[in-house]
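Chains, contacts and geometry: an overview
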Amino acid sequence: MSDTQTPAGTPEYLEYGGGSPIPPEPLPGAGAPARRSRRSWWIGGGVVALLALGAGAWAAMGFFQQGSQPAEALPASTIAYVGIDLDPAGGQKIDAFRTLDKFPAFKDQVGIDSVDELRHKLGDSLVSGAGCDNLDYDHDIDPWLGNRAAFALVALPGSQPDSVVVVQVNDDDQARAGISALAKCGAASGVPDTGFVVHDGWAVLAGSQDTAEKVVDATDEGTLADDATYQKWTKAVGEAGVVNAYAAPDAGRYLASRLGQLFGSPLSYGLVGPDPMAIPGDVPSLSVESGAFRATAATDDPFSDALSGFQGGAATLRFTGDGLELAVAADGNAGQLSQLAGNTGGTLVQRLPVDTAAAAGLTFPKGWLDRQLDQMSDLFGGVGVSKQQAMRQLSRATGLDVPDDVETLLGSGVSVAIGKDFDLEAAENSADGTGLPIAVTVKGDPAAIEQVLDKVRAKTGDAPFLGSDSSGDLVVIGPSPAYRQHVLDGGSLGDDDTFQSVVPDAGAAGQLFYVSIDALEPSITQAAMGDQETIDNLTPLRAIGMSSWKESDGVARFSVKVSTN
């Protein structure tokens with residue numbers, strides 16, 4: 001900058017080229033330069049527009065990106081984990097508070113309006129729970145505590161799975177000091193020693209310092225976030241939410257070992273290395289070798305058989321625009337999930353009248369009861385319940401031939417419907433259900449179903465709730481002739497907005513459950529008997545739905561959704 005001062009009143013020019021001043025812009029209308037003025041306007045406007053678009057793109061990326069996740073701080077040998085995320089992607093934070101604030105109980109008892117307030121409450125609980133009277137959340141915890149944490153079960157070479165907690169930190173040095181202070185006062189209060197390592201924005205806490213360090217070393221060799229199976233299942237479950245969970249294929253075998261111990265199975269959990277450890281009695285074992293399980297089963301075990309083929313899964317709890325959803329995606333080719341086939345339950349519910357207040361649908365693949373009885377015999381045969389005994393007990397109780405009559409009676413699927421005029425008080429006072437708007441629809445062979453119904457009627461008496469009507473391959477059973485016909489005529493519940501808010505694709509569902517809180521509000525209000533607090537906290541609810549189905553690629557899905565008004 002020159003030391004020469006410009007005289008007062010003299011225009012100051014920026015210099016260009018060899019140092020001569022940039023001339024002032026000509027006045028409009030003075031010839032060709034006017035075009036330069038117009039050009040400057042749209043060039044400048046274009047630059048501003050580009051900058052605005054860039055800023056918008058940056059903001060959108062920050063809005064939809066989820067940031068670092070606990071899976072990045074855990075090794076690929078992680079068997080299972082459950083994480084909490086106070087800063088989920090997209091508009092979930094907005095949706096969360098918008099949804100929760102509709103409920104007076106949340107505002108009165110929790111009373112938070114932001115993630116910072118929630119972190120503060122959680123941090124205060126952490127400090128007080130550790131008995132750290134000399135620590136202050138705002139001074140000792142808040143500067144380093146992040147928005148994400150997870151509890152995990154990690155398989156390390158040469159040992160049984162270890163429990164680990166990972167916590168996101170904003171400042172490594174402050175986190176070390178804060179965790180050390182928490183551990184010190186916790187030890188003084190009788191809390192067991194905890195080992196920890198703060199590394200690259202994460203604090204890893206374990207039962208010992210050695211374990212914490214081994215977890216960090218294993219993570220350096222390969223993270224869970226980079227594991228192909230983890231990526232497969234977290235992608236399958238969709239957008240991550242405020243709570244996220246993952247189970248590796250080894251989780252099935254580990255669970256089998258724990259259940260085996262719980263129910264007295266000979267299945268045990270041991271170590272297998274280059275020289276397998278001796279297991280007394282030559283019983284099956286599940287083992288860790290280089291961070292992975294290896295089965296060494298010497299005998300058959302029902303738990304091992306049911307879970308050994310498990311290929312993993314993931315779950316998330318997320319806020320949607322109008323409520324909350326728990327979504328699960330898992331391997332559908334093993335155990336009980338392998339029987340999730342067909343969509344009869346869903347299609348039967350879809351065709352119910354639009355004024356249906358609550359409904360359930362179930363699909364029954366051919367031979368389902370016989371397989372269930374076989375599995376029960378395998379699981380509980382050792383404690384005195386054989387397949388033949390179970391069949392005899394069912395036959396005595398129902399008067400039916402088991403399993404054939406039961407499978408005939410339920411057909412390929414059933415739906416249960418409750419009408420909007422359902423009166424809870426009338427139902428409680430009714431001895432036989434006469435006149436209640438309840439009906440069961442069965443898809444099957446009407447003539448064969450009626451023969452089985454006659455057996456039930458002979459056993460129980462000609463009760464009103466066993467009345468039936470049929471059309472085509474559908475039989476409707478229920479206590480009210482008028483409501484049976486109403487259900488048999490069918491409708492378009494599947495197209496209803498309230499229904500779709502919690503069961504978006506009923507036609508694919510093998511099993512589902514649905515309740516319209518709005519439709520049942522009169523009955524709920526009556527049942528609440530003047531409890532205004534209960535009524536006020538139920539009023540914001542619109543509907544609740546659960547559904548499960550199996551896709552063509554073998555993925556089994558389960559969804560629970562709650563929508564609000």
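Just so we're clear, the structure is a prediction, and the values are computed from it rather than from any experiment.

**Quick look at the side chain of Ser516**
Residue position: Ser516 is located in strand β19 (residues 511-516). Take Ser516: its relative accessible area is 6%, and that puts it in the buried class. From its side chain, Ser516 meets the backbone nitrogen of Ala519 in a polar contact 3.1 Å long. Setting aside anything within four residues of it in sequence, one finds Ser516 in contact with Ala357, Thr498, Arg542 and Ala543.

**As for the environment of Val204**
Relative to the elements of secondary structure, Val204 occurs in strand β7 (residues 202-206). Along the chain, Val204 and Gln168 lie 36 residues apart, while their C-alpha atoms are 9.0 Å from each other. Val204 has contacts with Ala73, Val164, Val165, Val166, Gly195, Phe196, Val197, Ala212, Val215 and Val216, leaving out every residue within four places of it along the chain.

**Considerations on the side chain of Thr564**
Turning to its location among the elements, Thr564 is positioned in strand β21 (residues 555-564). A distance of 2.8 Å separates the side chain of Thr564 from the side chain of Lys102, its partner in a polar contact. In this structure Thr564 touches Thr99, Lys102, Phe103, Asp322, Gly323, Pro540, Leu541 and Arg542, once residues within four positions along its chain are discounted.

**Some words on the nonpolar core**
One finds Leu74, Tyr81, Val164, Val166, Leu224, Trp233 and Tyr246 to be the most contacted residues of the largest nonpolar core, which totals 30 residues. Looking at this core, the elements with two or more residues in it are β4 (145-154), β5 (162-169), β7, α7 (209-221), α8 (228-237) and β13 (323-331). Not counting chain neighbours up to four residues away, the residues in contact with Val164 comprise Leu74, Ala150, Phe151, Ala152, Val154, Val204, Leu205, Ala206 and Val215. Of all hydrophobic cores here, the second largest spans 20 residues; its members include Ala439, Val476, Val487 and Ala543.

The rules behind the values
- Residues numbered from 1 in each chain as written.
- Predicted model: local features only at pLDDT ≥ 70, side-chain atom pairs only at ≥ 80, totals over all residues.
- Heavy atoms only, no water.
- Helix = DSSP H or I, 4+ residues; strand = E, 2+ residues; numbered from the N terminus.
- Buried < 20%, exposed > 50% of the residue type's maximum accessible area, 1.4 Å probe, protein only.
- Polar contact = N/O pair within 3.5 Å; in protein donor to acceptor, adjacent residues only side chain to side chain.
- Contact = heavy atoms within 4.5 Å.
- Core = buried A, V, L, I, M, F, W, Y, C linked by side-chain atoms within 4.5 Å.

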